[in-house]
Amino acid sequence: MTTQQESPVSAVISIQVENESGALARVIGLFSGRGYNIESLTVAPVDETRHQSRINVVTTAVPRVLEQIRAQVERLVPVYRVAVMTRQDPHVAREMALVKVIASGERRADALRIAQAFRAHPVDASATSFVFELTGATDKLDAFIDLMRPLGLAEVSRTGVAAIARGAAIL
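Here the structure is a predicted model, which is why all the values come from computation and not from measurement.

Here is what the cut-offs are and how they apply
Residues numbered from 1 in each chain as written. Predicted model: local features only at pLDDT ≥ 70, side-chain atom pairs only at ≥ 80, totals over all residues. Heavy atoms only, no water. Pairing = 2+ DSSP bridges. Helix = DSSP H or I, 4+ residues; strand = E, 2+ residues; numbered from the N terminus. Axes fitted to C-alpha atoms, helices over the stretch in contact; angles between N-to-C directions. Contact = heavy atoms within 4.5 Å. Expected span 1.5 Å × (residues − 1). Buried < 20%, exposed > 50% of the residue type's maximum accessible area, 1.4 Å probe, protein only. Domains from an automatic or database assignment. Buried area = accessible area lost by both parts, 1.4 Å probe. Salt bridge = Lys/Arg side-chain N within 4 Å of Asp/Glu carboxyl O. Nonpolar A, V, L, I, M, F, W, Y, C, P; charged D, E, K, R; others polar.

Turning to the sheet that holds strand β1 (residues 9-18), a few remarks are in order. For sheets, the rule is that strands pair by backbone hydrogen bonds, running either parallel or antiparallel. Spatially, β2-β3-β1-β4 is the arrangement adopted by the four strands of the open sheet, whose pairing is antiparallel. Strand pairing shows two members of the sheet lacking a second neighbour, β2 (40-47) and β4 (79-86), which therefore form its edges. Within this sheet the neighbouring strands show an average axis-to-axis angle of 20 degrees, counted without direction. Contacts from helix α2 (residues 63-74) reach β1, β3 (52-61) and β4 within the one sheet, and its direction differs from that of β4 by about 165 degrees.

Before going further, it helps to examine α2. One turn of the α-helix equals 3.6 residues, which is why residues spaced by three or four share an orientation. Taking 1.5 Å per residue, twelve residues should reach 16 Å; α2 reaches 17 Å between its end C-alpha atoms and fits that length. Here α2 has its buried residues at V65, L66, I69, R70, Q72 and V73. Among the structural elements, β1, α1 (23-33), β3 and β4 are those in contact with the buried residues of α2.

Attention shifts here to the domain arrangement of the chain. Domains assigned within the chain are domain 1 (9-88) and domain 2 (92-163). The gap between the C-alpha centroids of domain 1 and domain 2 is 29 Å. With nine residues of domain 1 at the interface, the matching set in domain 2 holds five residues. Around 460 Å² of area is buried between domain 1 and domain 2 when both sides are counted, 53% of it from carbon and sulfur atoms. There are zero salt bridges connecting domain 1 and domain 2. Taken together, the residues of the side of domain 1 that touches domain 2 sort by class into four nonpolar, four polar and one charged.

Here we come to the environment of P78. Looking at where P78 falls in the secondary structure, it is placed in the loop between α2 and β4. Ignoring anything within four residues of it in the chain, the contact list for P78 reads Q16, V17, E18, E20, A23 and R26.

As a further point, take unusual backbone geometry. A cis amide bond links V77 with the next residue in sequence, P78, at an omega value of 15 degrees. Although it is not a glycine, H51 adopts a positive phi angle of roughly 55 degrees. You can see H51 is positioned in the loop between β2 and β3. A relative accessible area of 46% places H51 in the partly exposed class.

Below is the structure:
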């Protein structure tokens, strides 16, 4: 019998690192070397004066393994801070997608109506296509993309998840 603690959970692991060559490779090497799957990955500079970047990695594992990942990442150089955020931890997680739909007639009108319902913004339009920009939770983007498939979904580009703790908690 599986206990709730042994059930895999999705988590965003946020890592503050020195913005230097090889820092991302060391973090990703830890994941691949131990067989941990990376479902989403984002990295960007966040503090130019201190030369620091933030890496957000989405993975799924049992809580014990998530704690092992956190401990192993913390030992890497040049890692400054690590936070593991699951559904139980108050945080905001969003991603952005650009979604190209090629459609005409009623399918084109349907795509526009659905985009409006999802608050997706057309950022490019031609007589035969749209490119929509959509920001939100991963589930929202997945649902929008699924609805666009029968209407002429042609291409998708996603940023990956960016996450931050709610309230006064910081990384």
